[in-house]
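# Summary of structural features
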Amino acid sequence: MSLDLDARQRAMLLEMGISVWAPAPAAAQAAAELQTAPSSPAAAPAVEPSPSPSQAAPRTAQQPPAPAAAPAAAAPRVAAPAPAPAMPAATAATGPGLVWHAPVAAYPQADPAATPSALGSGWLVVLESATPGQPLQGDAGKLLDNMLRAMQLHRHPRTWIATLGRSGAAAAGGTEPADGVADALAELRPAMVLVLGLGAARVVLGSREPLGRLRAGMQSLEGPGGMRVPAVVSYDPAYLLRAPEAKAAAWADLCRALALVRGSAG
């Protein structure tokens, strides 16, 4: 039997065990093709079945790349403030460049015989002044004069006023406040030191307490031979000109100073 089969058909029949007669050339060609054909269906390359639509993995839409963040604007550079120059130790303790001016007699013309005994042996008034050496000049000086007269100190020839002025040309002839206070206490030996103003209080007392606390407390200074001299702190006239409502409190301070001297004299 002779079949006109192509090479693939012949290979399939041979693989199934069916002998097919063919002329020599055709048989040779079929045998050659069998050498190149796979020996069994298992040897044929497997074809992976396409997944069903239900099994297919969902395709995630590709997100567009996030836009690159714009570079942050550089913060403006602010120059650091230069450190404040350090104050000298003496200036920080006693005030901004205050110097002591020697005490002057406020009422040298007063009659000693007519001086009330209740005023004691003498008074030393210390305050800052824009006119060193002339404490009763100007508006603040006139107010100071009125304060002292209200206390009857214009009748006491031993009423002295020591002024504190700012360092500089206007303060020529001044001395260190600590030395000035010590010399005045040793020379004048007052019964009371009346300190007017915060700047003067810090110089005379060497304290950093606020004015209100200094006014309320009992103050004293070391005099010659270790003797304690009482001191009363109050507002200075320049401040009272700016704040007249404080005059009543200042008058209370002055009355307290008079009471202390009167008590020690009695």
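Residues numbered from 1 in each chain as written. Predicted model: local features only at pLDDT ≥ 70, side-chain atom pairs only at ≥ 80, totals over all residues. Heavy atoms only, no water.

### Points about the overall build of the protein
Counting its regular elements, the protein contains 9 helices and 7 strands. Of all 266 residues assigned to the protein, the portion counted as buried reaches 32%. A separation of at least 24 residues holds for 75% of the contacts in the protein among residues at least 6 apart in sequence. For the protein, the exposed surface amounts to about 16,600 Å²; the carbon and sulfur share of it is 59%. (Helix = DSSP H or I, 4+ residues; strand = E, 2+ residues; numbered from the N terminus. Buried < 20%, exposed > 50% of the residue type's maximum accessible area, 1.4 Å probe, protein only. Contact = heavy atoms within 4.5 Å. Areas by Shrake-Rupley, 256 points an atom, 1.4 Å probe, with all protein chains shown as cover.)

### Details of the nonpolar core
Membership of the largest hydrophobic core comes to 51 residues, with the highest contact counts inside it found for W123, L124, V126, V193 and L194. Ignoring any residue separated from it by four or fewer positions in sequence, one finds L124 in contact with P103, W160, A162, A184, L188, P190, M192, V193 and L194. (Core = buried A, V, L, I, M, F, W, Y, C linked by side-chain atoms within 4.5 Å.)

### Section: the pairing of strand 3 (residues 123-128)
For strand 3, the buried fraction is high: 5 of the 6 residues fall into the buried class. Strand direction decides the pairing type here: strand 3 and strand 4 (residues 159-166), joined by 6 bridges, are parallel. Bridging across to strand 4, W123 finds its partner in T159. Taken together, strand 3, helix 4 (residues 138-150) and strand 4 constitute a β-α-β crossover, and its handedness is right-handed. Both strand 3 and strand 5 (residues 192-196) contribute to a ladder of 5 bridges, which runs parallel. (Pairing = 2+ DSSP bridges. Right-handed = clockwise from strand over helix to strand, strands pointing away.)

### A look at the pairing of strand 6 (residues 219-222)
A regular strand places its side chains on the two faces of the sheet in alternate fashion. By the alternation rule, side chains of strand 6 split into Q219 and L221, which are all buried, and S220 and E222, of which none is buried. Bridge count for strand 6 against strand 7 (residues 228-234) is 4 bridges, and the pairing is antiparallel. In the sheet register, Q219 faces strand 7, and the bridge partner there is A231. Here strand 6 hands over to strand 7 after 5 residues, with G225 in that stretch at a positive phi of 70°.

### Here we look at the pattern of salt bridges
Summed over all chains, the structure comprises 3 salt bridges. Residues R213 and E209 are paired through a salt bridge, measuring 3.0 Å at the closest nitrogen-oxygen approach. Residue classification places R213 among the exposed residues on the basis of a relative accessible area of 55%. Measuring nitrogen to oxygen at the nearest pair gives 2.8 Å for the salt bridge that ties D253 to R215. You can see D253 sitting in helix 9 (residues 247-265) and its partner R215 sitting in helix 7 (residues 211-216), a full 38 residues away along the chain. (Salt bridge = Lys/Arg side-chain N within 4 Å of Asp/Glu carboxyl O.)

### Some thoughts on unusual backbone geometry
Here the phi dihedral of Q152 falls at roughly 70°; this positive angle occurs in a residue that is not glycine. Note that Q152 resides in the loop between helix 4 and strand 4. With a phi angle near 50°, R189 is a residue other than glycine that sits in the positive phi range. Given the relative accessible area of 48%, R189 is considered partly exposed.

### Comments concerning helix 6 (residues 198-205)
Taken as a whole, helix 6 has its buried residues at A200, A201, V203, V204 and L205. Residue G206 follows helix 6 closely and has a positive phi angle near 65°.

### Let's talk about helix 5 (residues 177-188)
Between its first and last C-alpha, helix 5 extends 16 Å over 12 residues, near the 16 Å set by a 1.5 Å rise per residue. Within helix 5 the residues assigned to the buried category are P177, G180, V181, A184, L185 and L188. One side of helix 5 carries all its buried residues, which in axial view fall inside an arc of 125°. Opposite its buried face, helix 5 presents the exposed residues A178, D183 and E187, each directed more than 90 degrees away. (Expected span 1.5 Å × (residues − 1). Arc of directions from axis to C-beta.)

### Comments concerning the confidence of the model for the protein
In the predicted model, the protein carries a mean pLDDT of 77, and 61% of its residues have values of at least 70. Per-element confidence in the protein is highest for strand 5, whose mean pLDDT is 98, and lowest for helix 3 (residues 89-94), whose mean pLDDT is 36. Of the regions scoring below 50 in pLDDT, residues 37-58 engages in 4 contacts with residues more than four places distant in sequence or in other chains. Low pLDDT (under 50) marks residues 78-95, which in the prediction has 8 contacts with non-local residues, meaning those over four places away or in another chain. (pLDDT = per-residue confidence, 0-100.)

### Focus: the side chain of T163
Within the element layout of this structure, T163 appears in strand 4. With residues up to four places along the chain from it excluded, the contact list for T163 reads V99, W100, H101, L127, S129, P132, G133 and P135.

### Quick word on the environment of G97
Relative to the helices and strands, G97 resides in the loop between helix 3 and strand 1 (98-100). By relative accessible area, G97 is classed as buried at 16%. Put simply, G97 and R166 are 69 residues apart on the chain and 5.5 Å apart in space, counted from C-alpha to C-alpha.

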